[in-house]
Number of protein chains: 2
Amino acid sequence: MALHFTSEQRLDDGVLERAFTLGGIPGILWTPASAPAPMPLILLGNTPLGLDKMYPRLAARARQAAADGFAAATIELPGSGKRPRWAAAEQARADLRRTLEAGEPVSDEIIDALTIPLVDAAVPEWQSTLDALLSLPEIGGPVGYSGGVISIGVRLAAVEPRIVAAAFFAGSFVPRATFEEARGITIPLHVLLQWDDESNDRRAALDLFDAFGSKEKSLHANMGGHTGVPQSAGDAVAQFFTRHLK
Amino acid sequence: MALHFTSEQRLDDGVLERAFTLGGIPGILWTPASAPAPMPLILLGNTPLGLDKMYPRLAARARQAAADGFAAATIELPGSGKRPRWAAAEQARADLRRTLEAGEPVSDEIIDALTIPLVDAAVPEWQSTLDALLSLPEIGGPVGYSGGVISIGVRLAAVEPRIVAAAFFAGSFVPRATFEEARGITIPLHVLLQWDDESNDRRAALDLFDAFGSKEKSLHANMGGHTGVPQSAGDAVAQFFTRHLK
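I will try to describe carefully the structure that is included in this document. (Residues numbered from 1 in each chain as written. Chains lettered and ligands numbered in written order. Predicted model: local features only at pLDDT ≥ 70, side-chain atom pairs only at ≥ 80, totals over all residues. Heavy atoms only, no water.)

Looking now at the pairing of strand S8 (residues 189–194) of chain A. Residues and elements named next belong to chain A. Extensive coverage of S8 is indicated by the burial of six of its six residues. Burial along S8 is two-sided: the face carrying Leu189, Val191 and Leu193 and the face carrying His190, Leu192 and Gln194 are both buried. When strand S7 (residues 163–169) meets S8, the two strands line up parallel, connected through four bridges. Among the inter-strand pairings, Ala166 is bridged to a residue of S8, identified as Leu189. Of the crossover connections in this fold, the one passing from S7 over helix H5 (residues 176–183) to the parallel S8 is right-handed. (Buried < 20%, exposed > 50% of the residue type's maximum accessible area, 1.4 Å probe, protein only. Helix = DSSP H or I, 4+ residues; strand = E, 2+ residues; numbered from the N terminus. Pairing = 2+ DSSP bridges. Right-handed = clockwise from strand over helix to strand, strands pointing away.)

See below:
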């Protein structure tokens, strides 16, 4: 399947931003104004908030990647943005909301229902997207993965051999299955944790870090709440990818 | 009290290394070949291993500091190196060895005996050393503290207002008192933890990080065992001091 570019714009730092579709899946590809082709690629994980809401954060990460000489790309997750509604996912989110409003603990069943079908559907889509991106003459790899829903990133890093380094943002509600998949990962990893983020399960994040099978892994914990990731933390992720993708 | 310089040598990167004594306490001051005076200063924490054994690590940190435009200095701890033997400290270490050899858990009493008298004696010495260093025309501050015995660094950071940023290396055997002093610290902090260091109490290190009162604090955990701190971790400490001392 080939990418169909649907629009493009040149950002003020020279980065070329192109919207695409791949078999109905919307995505965005960013490439630096001038970098030797073929260039390395960072896959930027997305979240169920959708491309429109995530755009500022994704574009900022893409610009950093471009400044370091990497292409960057993201896709819309199943059921998000303008993609068809996904009844099972909406049911799981409604169950979660009801549980949280009732002040009850979130059960493993709800966590699994919220996460596993999404991972099952999204990971093959990321792999097809990677196939299509690597067929472009300007993109040659190596390939890294960064951010988004941690369970998607963990499985992708475990099953996709072309991904050679990954950065994860610790979040909430990690299914048991993700811990098992984490043990099978051996590539270099960088994990970001917002220590005072009340939507994080910090204990689970630290246990997940411990579970990763990689010999080379780092955890960077900072303060600042859910969205207050300090600039130095983003710089450290950029340095991680420069070490492993160049 | 004034510093008495006892010897000096110019290192191959131009850094000037001067040995000194201050009222019987041996120390070393490193200054960059060329930096605008008066320059900032990083106090490099030492350990009971002593200046001779710690020299390679301390000199490496000092050269990094010099490359960033900072002076760096360290002193010998009470009872270490060529300083007079300290019977109570030796007794505490003998008790620790006996406990470890017997496979028994290390009691709070032994941890306290090992640490608190050393902190009580060392912190005023570091403060006197800082007084003397700041009286040199080439050193003006700001002042940071980095490494060494974590309980010494925690108390120093809590009581010495001239220290504006501190980096700690998580170690073992942290007394209860250190946790209380940690709550009173408000300056920016950077904590390094070797995740797979078997001589660390990882749980205690994470709890201590949580206890620090600072709004701005980071924990960087890496693999590599006790002495295998990756270069990227040292770079992050250097970037931390550049952010806060310049």
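Picking up after the structure, the text goes on.
Counting residues at the interface gives 17 residues for chain A, matched by 17 residues for chain B. Between chain A and chain B the total buried area reaches about 1,500 Å² when both faces are included, carbon and sulfur atoms providing 51% of it. Connecting chain A to chain B are two salt bridges. Where Asp210(A) meets Arg202(B), a salt bridge forms, and the shortest distance between an N and an O atom there is 3.4 Å. Summed over the shared surface of chain A and chain B, the result is ten residue pairs in polar contact (both at pLDDT 80 or more). (Contact = heavy atoms within 4.5 Å. Buried area = accessible area lost by both parts, 1.4 Å probe. Salt bridge = Lys/Arg side-chain N within 4 Å of Asp/Glu carboxyl O. Polar contact = N/O pair within 3.5 Å; in protein donor to acceptor, adjacent residues only side chain to side chain.)

This part is about the relation of the copies chain A and chain B. Expressed as a screw operation, the relation of chain A to chain B combines 0.0 Å of axial shift with a rotation of 180°, fitting to an RMSD of 0.0 Å. Between the two chains, the operation in question is that of a two-fold axis. Scanning chain A for the C-alpha nearest the rotation axis identifies His220(A), at a separation of 2.3 Å. Most of the interface of chain A is mirrored in chain B, where 100% of its interface residues again form contacts. (Least-squares fit on C-alpha atoms with pLDDT ≥ 70 in both.)

Residues and elements named next belong to chain A. Running from N to C, helix H2 (residues 87–101) and helix H3 (residues 108–134) cross one another at 145°; their axes reach a closest spacing of 9 Å. The two elements H2 and H3 meet at a crossing, and its hand is left-handed. Seen from H2, the contacting residues are Ala92, Arg93, Asp95, Leu96 and Thr99; seen from H3, they are Ile110, Ala113 and Leu114. Residues belonging to the contact of H2 with H3 are distributed by class as follows: five nonpolar, one polar and two charged. (Axes fitted to C-alpha atoms, helices over the stretch in contact; angles between N-to-C directions. Left-handed = near helix turned anticlockwise from the far one by under 90°. Nonpolar A, V, L, I, M, F, W, Y, C, P; charged D, E, K, R; others polar.)

Residue and element names in this part refer to chain B. Among the secondary structure elements, Asp68 is positioned in the loop between helix H1 (51–67) and strand S5 (71–75). Here Asp68 occupies a buried position and makes no salt bridge, while the nearest side chain of opposite charge, Lys246, is found at 6.3 Å. Sequence-distant contacts of Asp68, that is, excluding residues within four places in its chain, are made with Ala238, Thr242 and Lys246. (Lys, Arg positive; Asp, Glu negative; His and termini not counted.)

Before going further, it helps to examine helix H7 (residues 231–245) of chain A. Across its 15 residues, H7(A) extends 21 Å between first and last C-alpha, which sits within 8% of the 21 Å expected from 1.5 Å per residue. Buried within H7(A) are the following residues: Ser232(A), Ala233(A), Ala236(A), Val237(A), Ala238(A), Phe240(A), Phe241(A) and Leu245(A). (Expected span 1.5 Å × (residues − 1).)

The next thing to look at is the pattern of salt bridges. For the structure shown, the criterion picks out 29 salt bridges over all chains. Between Glu90(A) and Arg85(A) there is a salt bridge whose closest N-O contact spans 3.2 Å. Given the relative accessible area of 32%, Glu90(A) is considered partly exposed. Between Glu125(B) and Arg83(B) there is a salt bridge whose closest N-O contact spans 2.8 Å.

To continue, consider the side chain of Lys217(B). All names here are of chain B. Residue position: Lys217 is located in strand S9 (residues 217–222). Of the side chains bearing the opposite charge, Asp210 lies closest to the buried Lys217, which forms no salt bridge; the N-O distance is 4.9 Å. For Lys217, the side chain forms a polar contact with the main-chain oxygen of Asp210, separated by 3.2 Å. Within the structure, the side chain of Lys217 is placed 2.9 Å from the backbone oxygen of Phe212, a separation counted as a polar contact.

For the peptide bond that leads from Ala37(A) to Pro38(A), omega is -5°, which places it in the cis range. Here the bond from Gly141(B) into Pro142(B) is cis, since omega is 5°, no more than 30 degrees from zero. When you line up the elements, Pro142(B) lands in strand S6 (residues 139–147).

The subject of this paragraph is the packing of aromatic side chains. Taken as a whole and judged by the stated rule, the model has eleven aromatic pairs over all chains. Judged by centre distance (6.4 Å) and plane angle (55°), the ring pair of Tyr145(B) and Phe168(B) falls under tilted. Residue Tyr145(B) is found in strand S6, and its partner Phe168(B) is found in strand S7 (residues 163–169); the two are separated by 23 residues along the sequence. Neither residue differs from the other here; Tyr145(B) and Phe168(B) are each classed as buried. Three or more aromatic residues joined by ring pairs form one cluster here, namely Trp126(A), Tyr145(A), Phe168(A) and Phe212(A). Over the aromatic face of Phe209(A) sits the side chain of Lys217(A), whose NZ or CZ is 5.0 Å from the ring centroid. (Phe/Tyr/Trp six-rings, centres within 6.5 Å; stacked < 30°, edge-to-face > 60°. Lys NZ or Arg CZ within 6 Å of the ring centre and 35° of its normal.)

Keep in mind these values describe shape, not function.
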